[in-house]
Amino acid sequence: MAVSFQLDVITPEEQMLSEDAGFIVAPGVDGCFGVLPGHAHLVTLLNAGELSVGWGEKPDRYAISGGYAEVTAERVTILVERAVAKLDIDPSVAREEMAEAQKELDKLVISDPEWSFWNKRLNYAKACLEVHSKKD
Amino acid sequence: MPNLKSLRNRIRSVGNTRQITKAMKMVAAAKLRRSQERAQATRPYSRGMGLMIQSIASMANEDSAPPLLAAPKGKRVCIAIFTADRGLCGSFNSGVIRSVRSRVVALQNQGMDVSLVCIGTKGRDVLKRQFGDLIKRTHIGIAKDLNYEKAEREVSSKLLVEFEKGEFDVCMMVYNEFKSAISQELTWRQIIPMPVDEVKKEDDDEEGYPAGAPYYEPDEADVLNVLLPQNVTVQVFQALVESDASEHGSRMTAMDNAVRNAGDMLNKLNITYNRTRQAVITTELMEIISGSESLKG
């Protein structure tokens with residue numbers, strides 16, 4: 001049994017990660033799920049939240065927006081619109097983004113096409129703050 | 001023989017043109033590098049998305065396929081045309097426009113109802129003369145500060161809403177795909193509904209793909225329903241970045257040619273100028289000599 005799998009985290013603007021990983025924990029829509037090598041073939045939607053990637057006790061943490069993940073025994077491909085490593089998160093920017101998104105959302109009704117756009121922003125900003133506040 | 005003053009003016013103006021085209025070439029080259037990186041960075045995402053969709057779509061059955069995947073039912077076609085906002089980039093815009101023209105006429109002959117969405121002003125400016133009433137809207141300045149969110153918000157979400165409302169049945173896009181700094185390839189691609197042939201064909205290329213259906217969370221239909229609109233956005237975004245990179249590549253090549261032409265022209269003009277000047281001097285000398293000769297006699 002392999003001890004690692006290939007992990008790709010891809011956003012439309014860059015290939016964020018392409019490396020071997022021992023385990024990951026990703027925020028699925030039905031709750032967080034962990035992946036170890038040899039996982040069953042799975043396609044899932046992801047919520048905005050924390051993605052942790054690692055080998056041992058101290059995982060690398062990333063904040064991701066909503067997206068998709070495809071898991072096979074040797075490979076995990078995560079497609080998200082935005083992703084950022086914990087170290088690169090600027091909490092003041094995230095807070096600003098969150099406030100702005102909240103303000104826009106208050107003005108809109110849910111059926112408005114703009115609503116989902118701002119909602120995504122809000123969730124991503126929340127995810128960034130949440131990941132940033134985690135102590136390692 | 002032109003006179004000396006007008007030649008000097010010509011030389012100065014050609015020199016200025018060369019300066020300008022040289023500057024534009026430099027600017028295009030600098031922008032090209034950034035755009036090219038971005039175009040290449042987008043490809044893995046859209047490929048990953050394509051693979052994910054095909055693995056689901058190949059299992060979805062024909063009758064229950066969502067509208068974004070099912071075969072088109074009506075005869076209304078929307079064409080999204082990606083051109084530049086600015087000219088001076090060789091055949092970049094005209095190639096797209098020529099192709100659109102012939103395609104629109106061909107579609108209309110087949111009894112299709114065509115509408116156009118122009119992304120970039122150059123396409124609209126030319127096409128409105130012939131197909132003014134077909135143009136639904138124009139997006140201007142998208143390529144500036146382009147990012148994924150912007151592409152989604154301004155272009156693809158509008159297309160999707162219109163599709164849901166039933167304003168068209170098929171959406172195609174035409175853009176220049178970036179090959180290298182000196183070559184672009186005009187590409188037509190159907191984005192709504194997603195062509196099923198393409199989905200199946202890609203399936204064969206994939207190696208080592210696990211057999212059998214994966215588990216879906218929440219379930220197959222939900223995943224597909226989120227994935228398909230997203231895919232439209234990705235395709236639109238990719239077309240935008242490819243088109244942007246192609247524009248700069250094309251402009252760089254065009255300006256390089258222009259600089260060279262202006263240089264050749266300058267050489268020729270300088271030769272003519274020197275000859276003319278020499279002729280003038282010779283004539284003046286002859287006049288002086290013949291004058292002094294006649295005084296002697």
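What comes next concerns the included structure. Just so it is clear, the structure is predicted and the values come from calculations on it, not from any experiment.

1. A few points about the environment of Glu217(B)
Turning to step 1, where the next piece is worked out: Along the chain, Glu217(B) falls in strand β6 (residues 215–217).
Turning to step 2, where the next piece is worked out: You can call Glu217(B) partly exposed: its relative accessible area is 24%.
Turning to step 3, where the next piece is worked out: Once residues lying within four places of it in the same chain are set aside, the contact partners of Glu217(B) are Val29(A), Asp30(A), Leu42(A), Val43(A), Thr44(A), Leu45(A) and Val223(B).

2. Focus: the pairing of strand β5 (residues 42–46) of chain A
Turning to step 1, where the next piece is worked out: Judged by how many residues are buried, β5(A) sits mostly within the fold: five of five residues are covered.
Turning to step 2, where the next piece is worked out: By the alternation rule, side chains of β5(A) split into Leu42(A), Thr44(A) and Leu46(A) and Val43(A) and Leu45(A), which are all buried.
Turning to step 3, where the next piece is worked out: Inspection of the sheet shows β5(A) paired to β6(B) by three bridges, in the parallel sense. By the bridge assignment for β6(B), Val43(A) is matched with Tyr216(B).
Turning to step 4, where the next piece is worked out: As judged from the five bridges shared by β5(A) and strand β8 (residues 67–71) of chain A, these two strands associate in the antiparallel manner. Within β8(A), the residue paired with Leu45(A) across the bridge is Tyr68(A).

3. A few points about the packing of aromatic side chains
All names here are of chain B.
Turning to step 1, where the next piece is worked out: Summed over all chains, the structure comprises five aromatic pairs over all chains.
Turning to step 2, where the next piece is worked out: Ring geometry for Tyr45 and Tyr148: centres 6.3 Å apart, planes at 70°, overall edge-to-face. Linking Tyr45 in helix α1 (residues 4–57) with Tyr148 in helix α4 (residues 148–165), this pair joins segments that are 103 residues apart in sequence.
Turning to step 3, where the next piece is worked out: What makes Tyr45 buried here is its relative accessible area of 0%.
Turning to step 4, where the next piece is worked out: Between the aromatic rings of Phe82 and Tyr175, the centroid separation amounts to 6.3 Å while the plane-to-plane angle is 75°, which identifies the pairing as edge-to-face. Of this pair, Phe82 sits in strand β1 (residues 76–82) while Tyr175 sits in strand β4 (residues 170–180); the two residues are 93 residues apart in sequence, bridging distant segments of the chain. The same class applies to Phe82 as to Tyr175, namely buried.

4. Some remarks on the side chain of Ser99(B)
Turning to step 1, where the next piece is worked out: Looking at where Ser99(B) falls in the secondary structure, it is placed in helix α2 (residues 92–109).
Turning to step 2, where the next piece is worked out: If near-sequence neighbours (up to four positions away) are discounted, Ser99(B) is found in contact with Leu186(B) and Trp188(B).

5. Structural notes on a nonpolar patch on the surface
All names here are of chain B.
Turning to step 1, where the next piece is worked out: Where nonpolar side chains cluster on the molecular surface, the patch consists of Ile281, Leu285, Ile288 and Ile289 and spans about 370 Å² of accessible area.
Turning to step 2, where the next piece is worked out: Here Ile281 lies in helix α6 (residues 220–296).
Turning to step 3, where the next piece is worked out: The class for Ile281 is partly exposed, based on a relative accessible area of 37%.

6. Looking at the packing of helix α2 (residues 113–133) of chain A against α4(B)
Turning to step 1, where the next piece is worked out: For the pair α2(A) and α4(B), the least separation of the axes is 10 Å and the interaxial angle reads 145°. Crossing angle aside, the handedness with which α2(A) passes α4(B) is right-handed. Residue-level inspection shows Pro113(A), Glu114(A), Phe117(A), Trp118(A), Lys120(A) and Arg121(A) of α2(A) in contact with α4(B), the latter providing Glu149(B), Glu152(B), Arg153(B) and Val161(B).
Turning to step 2, where the next piece is worked out: Here the residues of the contact of α2(A) with α4(B) are counted per class, giving four nonpolar, no polar and six charged.

7. Observations regarding the sheet that holds strand β2 (residues 113–119) of chain B
Residues and elements named next belong to chain B.
Turning to step 1, where the next piece is worked out: Pairing within the open sheet is mixed, and its five strands lie in the order β3-β2-β1-β4-β5. Each of the sheet's edge strands pairs with one partner strand only, and the pair in question is β3 (135–139) and β5 (183–192). Pairwise comparison of adjacent strand axes, ignoring direction, gives a mean angle of 20° for this sheet.
Turning to step 2, where the next piece is worked out: With seven bridges connecting them, β1 and β2 associate as parallel partners. The residue of β2 that forms the bridge with Ile79 is Leu116.
Turning to step 3, where the next piece is worked out: Together, β1, β2 and β3 form the strand contacts of helix α3 (residues 121–131), whose direction differs from that of β3 by roughly 170°.

Conventions we followed
- Residues numbered from 1 in each chain as written.
- Chains lettered and ligands numbered in written order.
- Predicted model: local features only at pLDDT ≥ 70, side-chain atom pairs only at ≥ 80, totals over all residues.
- Heavy atoms only, no water.
- Helix = DSSP H or I, 4+ residues; strand = E, 2+ residues; numbered from the N terminus.
- Buried < 20%, exposed > 50% of the residue type's maximum accessible area, 1.4 Å probe, protein only.
- Contact = heavy atoms within 4.5 Å.
- Pairing = 2+ DSSP bridges.
- Phe/Tyr/Trp six-rings, centres within 6.5 Å; stacked < 30°, edge-to-face > 60°.
- Patch = residues over 30% accessible without salt bridge, like charges linked within 9 Å, V, L, I, M, F, W, Y side chains within 5 Å.
- Areas by Shrake-Rupley, 256 points an atom, 1.4 Å probe, with all protein chains shown as cover.
- Salt bridge = Lys/Arg side-chain N within 4 Å of Asp/Glu carboxyl O.
- Axes fitted to C-alpha atoms, helices over the stretch in contact; angles between N-to-C directions.
- Left-handed = near helix turned anticlockwise from the far one by under 90°.
- Nonpolar A, V, L, I, M, F, W, Y, C, P; charged D, E, K, R; others polar.

Distances and angles like these do not, on their own, reveal function.
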